[in-house]
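One letter stands for each residue in the lines below.
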Amino acid sequence: FARMRYPLVPMLLPFAGYALREVPVRLRERSHAALARAAGTVLIVGLLCNYPLLEEERFAATAYTNLGATMLSRARPDEAEAFLVRAESIQPDHADLQYNLAVLRVRQERMAEAEVHLRHMIALEDEDFRGHMLLASVLKHLGRKDEARRHRRRADELDPYRDLR
């Protein structure tokens, strides 16, 4: 989260400069109202810089999902599973997480579990063609060809690249 605060630093420097200049002057002058304004500015800016604007758990789940996807792409399934399971424990209702868990289960040849993850993903995000495409493949592997064809057609309808092929 700290990297998101870096762009704020240049905007906050004038306030910090004001406070650094005014506080000692106001202490010498014993001007309590001006001192309170300067100290208040420092306090408010400090609080705003350190207040979490977004849920950190959600970011952690996304980070673990991304790490899991990276480990999948590097053919490191054990590490991928550790990251993906950790992400699922934080935020199970995350479509990309469910898709990546399904990919992992397909690679592990655990098709029934892959189907569960894909159905969860589709329930969360029905418009994502990847889930329908992979579910069609899983269902075909499980011998449910009619249902697989329906999901394949749905994937083709949703595929944003269909006109480019």
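Please read all numbers here as calculations on a predicted model, not as lab measurements.

### Let's talk about the overall build of the protein chain
Regarding its fold elements, the protein chain presents 9 helices and 0 strands. N-terminal to C-terminal, the α/β element order of the protein chain is α-α-α-α-α-α-α-α-α. The buried share of the protein chain, taken over its 165 residues, is 30%. Only carbon and sulfur atoms are counted for the fraction: they give 58% of the accessible area of the protein chain, which is about 11,000 Å².

### Remarks on the side chain of His 151
Turning to its location among the elements, His 151 is positioned in helix 9 (residues 145–158). Take His 151: its relative accessible area is 14%, and that puts it in the buried class. At 3.1 Å, the side chain of His 151 and the side chain of His 132 are in polar contact. Excluding residues within four positions of it along the chain, His 151 makes contact with Arg 119, Ile 122, His 132, Leu 135, Ala 136 and Leu 139.

### Observations concerning the packing of aromatic side chains
For any pair of aromatic rings, the description rests on two quantities: the centre-to-centre distance and the angle between the ring planes. Within this structure, the stated rule accounts for 1 aromatic pair. Centroid distance Tyr 64 to Phe 83: 6.3 Å. Interplanar angle 20 degrees. Geometry classified as stacked. Within this pair, whereas Tyr 64 is found in helix 4 (residues 56–73), its partner Phe 83 is found in helix 5 (residues 77–90), the two being separated by 19 residues in sequence. Lying across the ring of Tyr 99, Arg 130 places its NZ or CZ 4.3 Å from the centre.

### Digging into the pattern of salt bridges
Across all of its chains, the model carries 15 salt bridges by this definition. For Glu 113, the salt bridge identified is with Arg 110, shortest N-O distance 2.8 Å. Ionic pairing is found between Asp 156 and Arg 152, a salt bridge with its closest N-O pair at 3.3 Å. On the criterion of helical spacing, the pair formed by Asp 156 and Arg 152 is a turn pair, its members being 4 residues apart in helix 9. Classification of Arg 152 as partly exposed rests on a relative accessible area of 42%. When salt bridges that share partners are traced, they join Glu 81, Arg 105, Arg 110 and Glu 113 into one network.

### Section: the packing of helix 5 against helix 6 (residues 95–107)
One way to put it is that helix 5 packs onto helix 6 with a least axis distance of 10 Å and a crossing angle of 145 degrees. When you trace helix 5 past helix 6, the crossing you get is left-handed. Contact residues: helix 5 offers Pro 77, Glu 81, Leu 84, Val 85, Ala 87 and Glu 88, while helix 6 offers Leu 97, Gln 98, Asn 100, Leu 101, Leu 104 and Arg 105. By residue class, the composition of the contact of helix 5 with helix 6 is 7 nonpolar, 2 polar and 3 charged.

### Regarding the packing of helix 6 against helix 7 (residues 111–124)
Their axes nearest at 8 Å, the elements helix 6 and helix 7 cross at an angle of 160 degrees. Classified by the angle between their axes, helix 6 and helix 7 sit roughly antiparallel to one another. Taken as a pair, helix 6 and helix 7 cross one another with a handedness that is left-handed. For the pair helix 6 and helix 7, contact is made by Ala 95, Gln 98, Tyr 99, Leu 101, Ala 102, Arg 105 and Val 106 and by Met 111, Glu 113, Ala 114, His 117, Leu 118, His 120, Met 121 and Leu 124, respectively.

### Quick look at helix 7
Given a rise of 1.5 Å per residue, 14 residues ought to cover 20 Å, and the 20 Å separating the end C-alpha atoms of helix 7 matches this to within 8%. Of all the residues in helix 7, the buried ones are Met 111, Ala 114, Glu 115, His 117, Leu 118, Met 121 and Ile 122. End-on view of helix 7: buried residues confined to an arc of 170 degrees, all on one side of the axis. Turned more than 90 degrees away from the buried face of helix 7, the exposed residues are Ala 112, Val 116 and Ala 123.

Conventions adopted
- Counting restarts for each chain, with residues numbered from 1 along the sequence as it is written.
- Only residues with pLDDT of at least 70 are given local features in this predicted model, and only at 80 or more are side-chain atom pairs given and counted; all residues enter the totals for whole chains, interfaces and linings.
- Side-chain measures were taken over the full set of non-hydrogen atoms in the model, leaving aside hydrogen atoms and water.
- The numbering of helices and of strands both runs from the N terminus, where a helix is a DSSP run of H or I of at least 4 residues and a strand a run of E of at least 2.
- Burial classes: relative accessible area under 20% of the type maximum marks a residue as buried, over 50% as exposed, and values in between as partly exposed (1.4 Å probe, protein chains only).
- For every accessible area listed, the method is Shrake-Rupley and the probe measures 1.4 Å; residues are considered covered only by the protein chains on display.
- Whenever two N or O atoms come within 3.5 Å, that pair is a polar contact, provided that in protein one can donate a hydrogen and the other can accept it, and provided that, for residues adjacent in sequence, both atoms are side-chain atoms.
- Residue contacts are defined here by distance: any two heavy atoms, one from each residue, within 4.5 Å place the two residues in contact.
- Each Phe, Tyr or Trp ring, with Trp reduced to its six-membered ring, pairs with another whose centre is within 6.5 Å; inter-plane angles below 30 degrees give stacked pairs, above 60 give edge-to-face pairs, and intermediate values give tilted ones.
- Counted as over-ring charges are cases with an Arg CZ or a Lys NZ within 6 Å of the ring centre that also lie within 35 degrees of the ring normal.
- Salt bridges, as used here, are contacts in which a Lys or Arg side-chain nitrogen is within 4 Å of a carboxyl oxygen on Asp or Glu.
- Comment: axis = line fitted to C-alpha atoms, over the contacting stretch for helices; angle = value between 0 and 180 degrees taken between N-to-C directions.
- Here is the rule for handedness: rotate from the far helix to the near one, and if that takes an anticlockwise turn smaller than a right angle the crossing is left-handed, while a clockwise turn gives right-handed.
- Residues were grouped as follows: Ala, Val, Leu, Ile, Met, Phe, Trp, Tyr, Cys and Pro as nonpolar; Asp, Glu, Lys and Arg as charged; and all remaining residues, including Gly, as polar.
- Should an angle lie under 35 degrees it is considered roughly parallel, over 145 roughly antiparallel, and from 65 to 115 roughly perpendicular; all remaining angles are considered oblique.
- Each residue after the first adds 1.5 Å to the expected span of a helix.
- The arc in question is formed by the directions pointing from the helix axis toward the C-beta atoms.

Note that every value here comes from positions in space, so none of it alone points to a role or purpose.
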